[in-house]
Amino acid sequence: MTRSGIDWGSVAIFLALMALGWLNIYAAVFDDSAQAGFSMNSRYGSQLVWMGISLLAAVVIMLIDEIYYHILAYPSYLLMLLVLLGTLFIGTEVNGARSWLRLGGFSVQPAEFAKFTTALALARYMSSYSFSMADWRSRLYASLLLAAPMGIILLQNDAGSAVVFASFLIVFFREGFNPWVYVALGMVVFLFVFSFLWTPAALLAAVIVICTVMEGVMNGNWKQKLRYLAAVTLAALTIYLTATLLTHGNAGFYGCLLAAAGLSLVGVGIYAWRAKLRNVLVCIGMFAGSVAFTQTVDVVFSHMQLHQQKRILNLLGVESDLQYWGYNVNQSKIAIGSGGFFGKGYLRGTQTKYDFVPEQSTDFIFCTVGEEWGFAGSALVLGLFCWLILRLIRMGERQQEPFGRVYCYGVASIILFHVLVNVGMTIGLMPVIGIPLPLFSYGGSSLFAFTLLFFVAVKLDSRHKESDDHRNAPR
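Chemist: How do you make sense of the environment of Ser10 when you look at a structure like this?
Modeler: If you trace the backbone, Ser10 turns up in helix 1 (residues 8-29). By relative accessible area, which is 0% here, Ser10 ends up buried. The spatial distance from the C-alpha of Ser10 to the C-alpha of Ser107 is 30 Å, given a sequence separation of 97 residues. Beyond its immediate chain neighbours, meaning those up to four positions away, Ser10 contacts Leu388, Arg391, Met395 and Phe454. Within the local environment of Ser10, its side chain forms a polar contact with the side chain of Asp7, the two groups lying 3.0 Å apart.

Right, dumping it as structure tokens:
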């Protein structure tokens, strides 16, 4: 670490990822039959220009005093909200989303920069003296700061960019947000996914077991929990057999199981209320909310767009349409799988060269990595991303002020979310939602926005390191 306080290790990782990203964009669009070996009018030429602009912006960021990032946090956030609203009305529609602004000869996606301004605004608010995660007003205002750009981007019909803002929930957790919120969100995801794979009765049985296990983890006494599950099962079977006899075989097990669980929880709830067992009441509320949500899954799904529905159904294996809705992911998996351990070699990827994979230089750029560099190259790229994220977290933890900590965690969370979702969708583990792989996917807006995010974190960290170096200097 030099006297300037700059974390050169993190900068080196960032620049290495940027360079590797450009090499893969070049490979994705390279045409060996073309006469010119290099063209500034190509995508790799355009990306090279944006790399230069981004690095110039990085230098400017490092020259600006960090106090200005505090001062400009709210104004930049409000300005970006206005830009997002303007894009909603006068923006250009691309792939069904009105999320682009045309400025002269190039296009800009404001949603990419909204992540940066939101990270600054949240850092400013969550570092204020009046902020406390224990205060419901503080939680509400922080959530509204997050929800405002997310909502406008959803109105632009750009669900992929909007869902990225959920990554700030990691920051909320670090600052002391109630962990039960994350348990509830996890339950929502679980119920949504498995509602397509299991019968209602099986899903209800799983909810009963999960809620009982959660209560057991918090309060112990596992024998009592096993007796409770056995009693509910016996009661459900008894109600089912009785109802079957009375209705001549027309009874449904789901309703019988729900009746048994509901009656048992009334007694458990009364006991927990009198004994002031808050954790038991929380688990009962979780159960009631889960049952209510399962009744709304079909409604939520029906309001999704057709391509979103088909992508989810193909991901879960409910439908298999490899020629249309599942084509991208299928070709992506073929390309990555064909790379083997060491890959086919740079510029030798046949799936990439012959354009079998759609969007191979943008959303599906990781296919080029997997095909040409193989498992070893993919592991190297993912390892560099993990290393960068861990260093950003360390930057946050060594900050002397909450502003820097919240901001660094915000940047780390955004990059982590992008990597997990982008790589996950190329290998068929995540739905295709159209978000770029940081520093790899072609696009000036994305590259420039990630450069802003990262180098502001480096600048905030450099002041801390400068102070430490000065304090530890020999007298």
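Still more ground to cover, so stick around.
Chemist: Just checking my understanding: could you explain the nonpolar core for this structure?
Modeler: Looking at soluble globular proteins, one finds that nonpolar side chains tend to be buried together. Counting 99 residues, the largest nonpolar core has Met126, Leu392, Tyr407, Ile415 and Phe440 as its most contacted members. Element by element, the count of residues in this core is highest for helix 19 (residues 402-426), at 14 residues. Not counting chain neighbours up to four residues away, the residues in contact with Phe440 comprise Leu17, Leu20, Gly21, Asn24, Ile25, Ser361, Ile365, Val369, Val381 and Phe385. The next biggest cluster of nonpolar side chains, apart from the first, holds 31 residues, and it includes Ala206, Leu265, Val280 and Leu313.

Chemist: Explain empty space enclosed by the protein to me, please; I cannot follow it from the model alone.
Modeler: Taking a probe equal in size to a water molecule and rolling it over the atoms shows the remaining empty space. In total, this model carries one cavity of 30 Å³ or more according to the counting rule given. Taken as a whole, the largest cavity encloses approximately 40 Å³ of empty space. Along its surface, the largest cavity is lined by Ala27, Phe30, Leu347, Arg348, Gly349, Thr352, Lys353 and Glu372. Across the lining of the largest cavity, the residue classes tally to three nonpolar, two polar and three charged.

Chemist: Would you mind showing me how to read the packing of helix 9 (residues 179-194) against helix 10 (residues 200-219) here?
Modeler: Helix packing for two helices is described by the angle between their axes and how far apart those axes are. Running from amino to carboxyl end, helix 9 crosses helix 10 at an angle of 160 degrees, the nearest separation of the two axes being 11 Å. As far as their axial angle goes, helix 10 and helix 9 are roughly antiparallel. Here the hand of the crossing between helix 9 and helix 10 comes out right-handed. Contacts between helix 9 and helix 10 pair Trp180, Val183, Met187, Phe190, Leu191 and Phe194 from the former with Leu203, Ala206, Val207, Ile210, Cys211, Met214 and Met218 from the latter.

Chemist: Where do I start with the pattern of salt bridges in this structure?
Modeler: Two side chains carrying opposite charge are able to pair once their charged atoms lie near each other. Scanning all chains against the criterion turns up 10 salt bridges. Between Glu93 and Arg98 there is a salt bridge, and its shortest N-O distance comes to 3.6 Å. Here Glu93 falls in the partly exposed class, since its relative accessible area comes to 48%. The partner of Arg398 in a salt bridge is Asp461, and the shortest N-O contact between them spans 2.7 Å. Within this pair, whereas Arg398 is found in the loop between helix 18 (366-397) and helix 19, its partner Asp461 is found in helix 20 (residues 444-472), the two being separated by 63 residues in sequence. Pair check on accessibility: Arg398 and Asp461 agree, each one buried. Sharing partners across several salt bridges, the network here consists of Asp7, Arg391, Arg398 and Asp461.

Conventions we followed
- Position labels on residues start from 1 in each chain and follow its written sequence.
- Where totals are concerned, whole chains, interfaces and linings use all residues; where local detail is concerned, this predicted model gives features only for residues with pLDDT of at least 70, and gives and counts side-chain atom pairs only at 80 or more.
- To get the side-chain values, take all heavy atoms of the structure and skip hydrogens and water.
- Only DSSP runs of H or I covering at least 4 residues are called helices, and only runs of E covering at least 2 are called strands; the numbering of each starts at the N terminus.
- We call a residue buried when its accessible area falls under 20% of the maximum for its residue type, exposed when it is over 50%, and partly exposed in between, using a 1.4 Å probe and counting protein chains only.
- By definition in these notes, contact holds between two residues if any of their heavy atoms fall within 4.5 Å.
- Here a polar contact means two N or O atoms within 3.5 Å. Within protein one must be a hydrogen donor candidate and the other an acceptor candidate, and residues neighboring in sequence count only if both atoms are side-chain atoms.
- The criterion is simple. A nonpolar core is a set of buried Ala, Val, Leu, Ile, Met, Phe, Trp, Tyr and Cys residues joined through side-chain atoms within 4.5 Å.
- Of the two site types, the cavity is a set of points on a 1 Å grid over the protein atoms alone where a 1.4 Å probe fits but cannot get out, and the pocket is an open set with protein on both sides within 12 Å along at least five of seven lines, each lined by residues with an atom within 4 Å of a point.
- Grid points are joined across faces, edges and corners, and a volume is the space filled by probe spheres set on the points.
- Gly is put with the polar residues, along with every residue not named as nonpolar or charged; the nonpolar set is Ala, Val, Leu, Ile, Met, Phe, Trp, Tyr, Cys and Pro, and the charged set is Asp, Glu, Lys and Arg.
- Here an angle of 0 to 180 degrees is reported between the N-to-C directions of two axes, which are lines fitted to C-alpha atoms, with helices fitted over the stretch in contact.
- Put simply, angles under 35 degrees are roughly parallel, angles over 145 are roughly antiparallel, angles from 65 to 115 are roughly perpendicular, and the rest are oblique.
- In a left-handed crossing the near helix is turned counterclockwise from the far helix by less than a right angle, and in a right-handed crossing that turn is clockwise.
- Basic side-chain nitrogens of Lys or Arg form a salt bridge, by our definition, when they fall within 4 Å of a carboxyl oxygen of Asp or Glu.

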